[in-house]
Amino acid sequence: MHKSRRWIYSIITLFLVIALLTVNLVSGSVHISMSEIIDAFRGAGDPVKSSIITDIRLPRVMSALILGGALAVAGYLLQTFFANPIAGPFVLGISSGAKLVVAMIMITFLSRGILLSSMALIGAAFLGSILSTILILIISKGVKNMSFLVVCGVMIGYICSSITEFVVTFADDSNIVNLHNWSMGSFSGTSNRDVAVMAIVVGITCIAVFAVSKPMSAYQMGEGYAANMGVNVRHFRVLLILLSAVLSSCVTAFAGPISFVGVAVPHIVRHIYKTNRPIVMIPASFLGGAAFCLLADLIARNLFAPTELSISSVTAVFGAPIVIWMMIGRSRKESIE
Amino acid sequence: MKDKLLLYTEDLAVGYEGKAVVENVNTDVHEGEIVTLIGPNGAGKSTILKTVGGLIPRISGKIYIDGKEPVYASGEMARTMAVLLTDKIHAEYMSAAEVVAGGRYPYTGRLGILREMDYEAVDRAMEIIGVDGLADENFNHLSDGQKQRVMLARALCQEPKLMLLDEPTSYLDIGYKIELLGKLRELADERGIGVIMTMHDYELARNIADTVVSVKDGRTEKCGRPEEMLRSEYICSLFGVDRDRYDVFFGAESR
């Protein structure tokens, strides 16, 4: 029905992503022009500026793009799972659980002088995500009210964050700077190697998510109808949680917890595209999340330059009002029904 | 022609979490036959439907669908049997036609993209049920009765041999009830679709059902032709209604 319009929105978002990517590369404490960027990619030009581009700015914008997309898709998966649009990895405390386990494992190994590989960090984050997801699932069995579930999630998030703070405070001095930055959420400090790892993990997971968009659309109608259509509901629920956990733990491992992207982006996308069908929502949310995080990172880097803001404080300023707006809309709808 | 068994249960026990609600269910549905389950609220009519539909595990006994033991959560089962439930339907930003198109699930490819023939099947199903006028409406904005008819169109567009309908007429006004049950009768007669459903409108069931099964006190109490099963004496005893009071409301049976 709105097919052609949806294509136009997708192309606009794609252009937005490319434009933001370019602006992110150009702007910063050292001004680098477009032609110098092109030189840097061709291996010509000023070696210092080239190095700033290829070793610092490029991995940073790429991680904002990949992880932003991953977060939005992770949020969409949780929303599908709970049949509720307010679910997301941050508001349910899943990101903070991942953060806690990563911080503890990092400190344990760093104090013995062992540097962990990025895959090991993803693994640790995955463990934390799964643990806090299990906790939230146990809670969600008892309560059906989604707002209450979100409150529980936020509380779990706070508990995990304060334990993380506690652990970080007692860590070795040399580790603190890095850990502190990371535990606040930041795209800085990623290497090209990290980008390669996250591209592979997020890429494969998102393809897997897209491949199950058909059973997902049946699942959205309700469990009974999904079962009738030949979906093994029990297995599918586990699959949804696992895919979402892989994506959000990849984000947490590299950039720390980033708030509200998982809830706000799919909501805006749903609103613009006027659909909740997975086959549209998955790619559109990925693009939207990428654009959102690129913009947030641009603001975080440049608003009070040379001081950097944490990425979460920027995403929260934009994301939290959207979540409040959604909750008000929902409670109105519920009171009508 | 009408001899082919579509559904057959053998000493089936149904219930939740290992506890049987109804035991010794021995029911069958033939091609083109409409079977109606009647009984008091909570007797386990819906539980029987859900178990046969594979939505909840059975406690014990056997189920045969279209001649074999069903493999639930399979494409083949989805092409054989469609269900209409009383569950609340989540359909954010979906038009009625998109909801109906959900019924094409077992026929579409890996990504569920609809082909020309699928769109035609959707249109046809909506036309038959008489909801083609609602095609572009937002599903969530429809009335409960309209939703119920759209969901029936969805079940039909699944092109099943057997339909399990849980109170398909509960939200409909009398006009639509008659129309919808008439459609079901036609589908059963013309396409040989077997229907097993729960219903509380006994006056209407009398004229459309081929067989009536009563469920009470943890068993299928009785099974027979509607004219014997739906006599007021039996209805009164099944529901524990005093005969005189029944007559006050429904009048003495003179037909």
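Asker: Help me get a handle on the domain arrangement of chain B, residues and values and all.
Answerer: Residues and elements named next belong to chain B. In terms of domains, chain B is made up of domain 1 (1-66 + 161-255) and domain 2 (92-160). One C-alpha centre belongs to domain 1, the other to domain 2, and the line joining them spans 26 Å. Only β7 (162-166) and α6 (174-191) provide two or more residues apiece to the side of domain 1 that touches domain 2. The element that contributes the greatest number of residues to the side of domain 1 that touches domain 2 is α6, accounting for four residues.

Asker: Go over the pairing of β7 of chain B with me, naming the residues and quoting the values.
Answerer: All names here are of chain B. Extensive coverage of β7 is indicated by the burial of five of its five residues. Judged by which residues are buried, β7 turns out to be covered on both faces: Leu162, Leu164 and Asp166 on one side and Met163 and Leu165 on the other are all buried. By the bridge criterion, four bridges tie strand β6 (residues 81-84) to β7 in an arrangement that is parallel. Residue pairing across strands places Ala82 opposite Met163, the latter belonging to β7. In this sheet, strand β8 (residues 194-198) lies alongside β7 in parallel orientation, the contact comprising five bridges. Counterpart to Leu165 in the pairing with β8 is Met197. Viewed along the sheet, the connection from β7 through α6 into β8 turns out right-handed.

Asker: So, the pairing of strand β10 (residues 219-224) of chain B: which residues are in play, and what are the values?
Answerer: Residues and elements named next belong to chain B. Relative to β10, strand β9 (residues 211-216) runs antiparallel, the two sharing five bridges. Among the inter-strand pairings, Ser214 is bridged to a residue of β10, identified as Lys222. Remark: two residues form the turn of the hairpin made by β9 and β10, two consecutive strands paired antiparallel; Asp217 in that turn has positive phi of roughly 50°.

Asker: Which residues make up the interface of chain B and chain A, and what are the values?
Answerer: With 23 residues of chain B in contact, the opposing surface of chain A contributes 21 residues. A total of three residues in the side of chain B that touches chain A trace back to one element, the largest contributor, which is helix α2 (residues 75-80) of chain B. In the side of chain B that touches chain A, the residues fall into 13 nonpolar, seven polar and three charged.

Asker: I'd love a proper account of the environment of Tyr8 of chain B, names of residues and values included.
Answerer: Residues and elements named next belong to chain B. Tracing the backbone through its elements, the reader meets Tyr8 in strand β1 (residues 5-16). Its 17 C-beta neighbours within 10 Å are what place Tyr8 among the partly exposed residues. Sequence separation of Tyr8 and Ser232 is 224 residues, and the distance between their C-alpha atoms is 29 Å. Residue contacts for Tyr8: discarding those within four places in its chain leaves Asp28 and Tyr64.

About the thresholds
- Residues numbered from 1 in each chain as written.
- Chains lettered and ligands numbered in written order.
- Predicted model: local features only at pLDDT ≥ 70, side-chain atom pairs only at ≥ 80, totals over all residues.
- Domains from an automatic or database assignment.
- Helix = DSSP H or I, 4+ residues; strand = E, 2+ residues; numbered from the N terminus.
- Buried ≥ 20, exposed ≤ 12 C-beta atoms within 10 Å, placed from the backbone.
- Pairing = 2+ DSSP bridges.
- Right-handed = clockwise from strand over helix to strand, strands pointing away.
- Contact = placed C-beta atoms within 7 Å.
- Nonpolar A, V, L, I, M, F, W, Y, C, P; charged D, E, K, R; others polar.

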